[in-house]
Amino acid sequence: VQLQASGGGLVQPGGSLRLSCAGSRSIGSFNAMGWYRQAPGKQRELVAIITSGGPTNYVDSVKGRFTISGDNAKNTLALQMNSLKPEDTAVYYCYARVFRTGAEFWGQGTQVTVSS
């Protein structure tokens, strides 16, 4: 299984970016998909996660600014990021999990830099 993340880049504070994660198989086959991020010198943290038949969760620092969504027809997971702040600067990783087997999958990461 491969997850291919894209959409990162350099944006000014207050700007927007849309990250996309393309799966090599149907994203409907995963029980959970989400986005993590890791800033320099910090631990990787969960940004947003969506579970099949369950709630969508966000880390407090992005609530109201980020929206996670899945498109089964395109086999993609997206993260719409608005009102970006310098503290959102990090490498963002796409993540997927199958509950039954415990298998976890990671994308290669895409750099998001928020700076004026």
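Bear in mind the structure is a predicted one, so any value in this text is a computation, not a measurement.

A.B. asks: Tell me what's going on with the pattern of salt bridges, and back it up with residues and numbers.
C.D. replies: Tallying each qualifying case throughout the model produces four salt bridges. Note that E45 and R37 form a salt bridge whose closest N and O atoms lie 2.6 Å from each other. According to the relative accessible area criterion, E45 is partly exposed, its value standing at 29%.

A.B. asks: I'd like to hear about the sheet that holds strand β7 (residues 66-71), residue by residue, with values.
C.D. replies: Pairing within the open sheet is antiparallel, and its four strands lie in the order β1-β3-β8-β7. The two strands at the open ends of the sheet, each matched to only one other strand, are β1 (3-6) and β7. For this sheet, the mean inter-axis angle between neighbouring strands, taken without regard to orientation, is 15 degrees. In terms of strand pairing, β7 meets strand β8 (residues 76-81) through six bridges, oriented antiparallel. Within β8, the residue paired with I68 across the bridge is L79.

A.B. asks: Please provide a residue-by-residue account of the state of the cysteines, values included.
C.D. replies: Tallying each qualifying case throughout the model produces one disulfide. Here C21 engages in a disulfide with C94; their sulfurs sit 2.0 Å apart. In this structure, the disulfide formed by C21 and C94 twists by about -80 degrees around the S-S bond and is classed as left-handed. Placement of the pair is C21 in strand β3 (residues 17-23) and C94 in strand β9 (residues 90-98), with a sequence separation of 73 residues. This pair shows no difference in class: C21 is buried, exactly as C94 is.

A.B. asks: How would you explain the packing of aromatic side chains if you had to name every residue and give the values?
C.D. replies: Summed over all chains, the structure comprises four aromatic pairs. Between the aromatic rings of Y36 and Y95, the centroid separation amounts to 5.3 Å while the plane-to-plane angle is 65 degrees, which identifies the pairing as edge-to-face. Pair noted here: Y36 is in strand β4 (residues 32-38) and Y95 is in strand β9, with a separation of 59 residues, a long-range link. When its relative accessible area of 18% is taken as the criterion, Y36 is described as buried. A relative accessible area of 4% places Y95 in the buried class. Put simply, the rings of Y36, Y95 and W106 pair up and form one aromatic cluster. Across from the ring centre of Y93, 3.8 Å away, lies the NZ or CZ of R44, which sits over that ring. The ring centre of W106 lies 4.7 Å from the NZ or CZ of R44, which sits over that ring.

Calculation rules
Residues numbered from 1 in each chain as written. Predicted model: local features only at pLDDT ≥ 70, side-chain atom pairs only at ≥ 80, totals over all residues. Heavy atoms only, no water. Salt bridge = Lys/Arg side-chain N within 4 Å of Asp/Glu carboxyl O. Buried < 20%, exposed > 50% of the residue type's maximum accessible area, 1.4 Å probe, protein only. Pairing = 2+ DSSP bridges. Helix = DSSP H or I, 4+ residues; strand = E, 2+ residues; numbered from the N terminus. Axes fitted to C-alpha atoms, helices over the stretch in contact; angles between N-to-C directions. Disulfide = S-S within 2.5 Å. Phe/Tyr/Trp six-rings, centres within 6.5 Å; stacked < 30°, edge-to-face > 60°. Lys NZ or Arg CZ within 6 Å of the ring centre and 35° of its normal.

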